[in-house]
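Structural description and commentary
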Amino acid sequence: MAHMDLDKYRPYIIIGFIVLFTLLPLWTRGFIPAADMVTPEGVNLLGIDPWYNLRQVEQVVANFPGYAWFDAMTLYPSGDVIYWGPLFIQIISALCILAGAATRPEILVVASWVPPLMGAAMVPVTYLLARKIADWKTGLIAAGLIAVVGGNYAYRSLFGFVDHHIAETLFSTIFVLAYVAALLAARNSPLSKKNLENLKIPAITAALAGIAYLLGYFNMPTMILFALIVAAFTLIQFILDFFQNQSSDYLVLVNVVAFGVVMVGTAAFGFPHPGLDLSRYTVGHIITSAGLIAGTLVLYGLSVFLKERPKYYFPAALAGIAALAVAVLFVALPDVYNLLISNLFAFFGEAPVTTTVEEARAWSYGAAWATFHWSLILAAGGVAALLWWNREKVNPAHVFVLIWTAIILASTTAHVRYEYYLAANIALLSGVFVGAVLNAGWKDVTRLLRPGSGGDSSDPGSDEKKGEPEKKGKKGGRAPATRKPKVPARDQPDYLKVGAVVAVVAVTLLFAGNSFAMNLAAGTTAKYSGINSQWMEALTWMGANTPDPGVDYYAIYDKDTFTYPEGSYGVMSWWDYGHWITFVSKRIPTNNPFQHGVSGPNGSATYFVSTSEEEANRILDNTGTRYVVTDIQLDTGKFHAPVTWADPEGGKERFIPSFLLPASPGSTSYQSVPFQSQQYYLTMVSRLHNFDGSMTDPTSKVLYVEYRDPGAVNASLPVITRAEEMNATAAAAAVEAYNKNAPAGSHATLLNMYHQFQPDSILHPVERVPALRHYRLVHETPQNYFNVGANGPNLKNVKIFEYVPGAHIKGDGIIEVPVTTNTGRAFTYRQESVNGEFVVPYATSGWSGEVKTTGLYRIVGTGQTFDVTEEDIRQGRTIN
């Protein structure tokens, strides 16, 4: 009777657990971070890209439902093309309009709730998918696991991480659910005129799969990855069906209907971008869908034609056709070849510059374990369970899940960002394994706990519907235990099965507990992941105190007709900060986090690592830049990024060379140690941020170093043979003297300690650093990077410089002027004449800015002084 009561109320119990599991991520990723992050100013969004998505939301709210495929508020002076879809942005914008959110703080709050809501929606979707793959128990387990999975998946569904990543995972998983449902509905409905009535449900389900695909596609064109998954699955399933004498007409029905819907929806959506690039919205997506349908029909025709032939004919024919098709495409249709083949290899490849983009880096074993830890073992068990269930008769839904997982795993291995896709696979496969173990051992557990019960009244699988995977002989099923115990089965449990259940449950709880703790930690510390206070202060100042660039922040412009108004200008900074500049300051960056405007002769990377002011000025002139923003991170921890983008092969060795040193005095083992060379101090980022553009001489001792080339000592790096701290002048003379008569393969140079070992070394060049003649500091943030007392170094975290023509003063020697910044920091701007002339960037009168000179220009040792007006600076006048 108790069992019947449980059976009667099971649907309500399942719904209760689903609701509970749905509320769990909404609490950990929504309510907990929201409690700390919502302020009267709105929300300090997490990361970088969410700020640009909010810029788009504000734009769409003002023009609903219009969507801008071109944005004039980034990538000056060309503007940038938007390559992702409108769906995520329009969902948020519609919610803002429905909620009456009109101000920036209100829009920020409404938008910040969408990611955790989508993360919560993954729970019922995962339940339904696991239910289709196995049974309701597996569904509940998988739903519980997706509610607590951590890592990139959890972070990208946090309150405040307003980006389309969680939408990608949600819509793609809905597609998988619909596609699997279509496969299961169609596999027992062969194509025939007599069977048309029975094809309604499979056809409708396949159409829903096509609609689900379109939802993902309207969100991001990377949904094309799932077309690749379907293509790979279709090929493998055709081969499996052929070898098992199984008709594959259900694949024809599902693929033709699903991707026929995709083609119609894609064509109706239009092609905002030219060419055949699958990473954008081009006609290439139509070609791909048509190719998938055509490929399915070819496979079907070939399987029918070779039905009575030896089995090896089919894969051999496929290999021949594939090779011929690739050759024909390569020769006759190179554009299509690049679309289908080259793009595939490029997707799974890695360029040197991707190491500077966190989400584009390759996945490591350490990162995999840190995110998924014990669930990796459970998921591997899930793979094994699916393979075991299909050892006799293949279930296409299981094969699809395996192919889906393999390709998403390969994608994640190539680019760590796809870890948030993989979370769905991990939860699903872990649920499959845990459910399989429970089904196999639950009766024995109940026999152990309740001797004499036989487990009948507590067996969670005893009331499964006919056709569920755990039934004997069904697809994906398992055979019941056939062991003949020495005592009646009702009295003697199988302790091996009991141990397996205990172990798997323990590992599952360990994974769930650790992941839940990670989610709690992520939720409570999310408030620290937004724009730091120094950047916010600097960008707020920029928005209020620099000229309006003349572009309507909310307007939607057409790329083909838009031109920038006279007086508009760009802001140079590192690409990490481009979206912040657009959103907070409403100014136009010359490069952005799409990594546009970074590389090339006019890129920000070339600018910041340039050691020539003339070359740097040319870049600003070419890009119409008026302001340059630097920060301490670009100057130190992120310095490797512009170096790598500017010279992917050479890297940072030119600026931060590494040498081999003995691990300890007298040791025969060596360790690699980085140093700072004079080239580092000559870069634009160092001259601006460390020295305020002023001429700077060595003010402390430097390292005199003698070393041997790698080839001379058969080593991977130069080997230091002598290192001595010396007075800068004496050290420079020693270098010159040694190099005149140095043995072959030996050299001497001047170095400084790397900033990680001696932080203030960035302020002490090893040789003179010339002044910058066209840059003046106009604002700096209040916080001192070194956090020391009044007598220590005072280097601010963020600085804003204005690029100006400068006034000309005839004269020789060194000219200087005292300057006081907006924070009260005082320094002396100094410059050495070039060809009998100075070009000075600071005005001594007529300037109303915060950073002011406190005296006249003075040529040292001459008594000559000069008053330079702001008009002189702007017009580039000659004073004397």
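Scope of this entry: the structure provided in the associated data block. (Residues numbered from 1 in each chain as written. Predicted model: local features only at pLDDT ≥ 70, side-chain atom pairs only at ≥ 80, totals over all residues. Heavy atoms only, no water.)

**Overview of the pattern of salt bridges**
Note the cut-off: We count a salt bridge whenever a side-chain nitrogen from Lys or Arg sits within 4 Å of a carboxyl oxygen from Asp or Glu. Strands are runs of DSSP state E lasting at least 2 residues, helices are runs of H or I lasting at least 4, and numbering of each runs from the N terminus. When accessible area is computed with a 1.4 Å probe and restricted to protein chains, residues below 20% of their type maximum are described as buried, those above 50% as exposed, and intermediate ones as partly exposed.
Across all of its chains, the model carries 23 salt bridges by this definition. Between Arg768 and Glu832 there is a salt bridge, with its nearest N and O atoms 3.0 Å apart. Of the two residues, Arg768 sits in the loop between β11 (746-753) and β12 (775-780) while Glu832 sits in strand β16 (residues 826-832), which places them 64 residues apart along the sequence. The partly exposed category is assigned to Arg768, whose relative accessible area is 35%. When the shortest N-O distance is used, the salt bridge between Lys810 and Glu837 registers 3.3 Å. Of this pair, Lys810 sits in strand β14 (residues 807-810) while Glu837 sits in strand β17 (residues 837-840), placing them 27 residues apart in sequence. We classify Lys810 as partly exposed; its relative accessible area is 42%. Each of Asp697, Arg768, Glu816, Arg830, Glu832 and Arg858 takes part in one network of salt bridges that share partners.

**Let's talk about the packing of aromatic side chains**
Formally: Ring pairs are drawn from Phe, Tyr and Trp, using the six-membered ring of Trp, whenever the two centres fall within 6.5 Å, and their geometry is named by plane angle: stacked under 30 degrees, edge-to-face over 60, tilted for the rest. We count a charge as sitting over a ring when the NZ of a lysine or the CZ of an arginine lies within 6 Å of the ring centre and within 35 degrees of the ring normal.
Per the stated rule, a full pass over the model turns up 53 aromatic pairs. Residues Phe70 and Phe562 carry aromatic rings whose centres are separated by 5.9 Å and whose planes lie at 55° to one another, so their mutual orientation is tilted. Taken together, the residues span a long stretch of sequence, with Phe70 in strand β3 (residues 70-71) and Phe562 in the loop between α19 (533-545) and β5 (570-572) at a distance of 492 residues. Overall, Phe562 belongs to the buried group, its relative accessible area being 16%. Chaining the aromatic ring pairs together yields one cluster made of Phe175, Tyr179, Tyr213, Phe226, Phe233, Phe259, Phe400, Tyr418, Tyr420 and Tyr421. The side chain of Arg104 reaches across the aromatic face of Phe583, ending 3.7 Å from its centre. Against the face of Tyr553 rests Lys586, its NZ or CZ located 4.8 Å from the ring centre.

**Observations concerning the packing of helix α15 (residues 374-389) against helix α16 (residues 396-414)**
What counts, and what does not: Working convention: axes come from line fits to C-alpha atoms, limited for helices to the stretch in contact. Angles between N-to-C directions cover 0 to 180 degrees. Left-handed describes a crossing in which the near helix is turned anticlockwise from the far one by less than a right angle; the clockwise case is right-handed. Only heavy atoms enter the contact rule, under which two residues are in contact if any of them lie within 4.5 Å. Following the grouping adopted for this structure description, the nonpolar residues are Ala, Val, Leu, Ile, Met, Phe, Trp, Tyr, Cys and Pro, the charged ones are Asp, Glu, Lys and Arg, and the polar ones are all others, Gly among them.
Across the interface, α15 lies against α16 with an axial gap of 10 Å and an inter-helix angle of 150°. Of the two possible hands of crossing, α15 and α16 adopt the one that is left-handed. In contact with Val383, Leu386, Leu387 and Trp389 of α15, α16 contributes His398, Val401 and Leu402. For the contact of α15 with α16, the residue count by class is six nonpolar, one polar and no charged.

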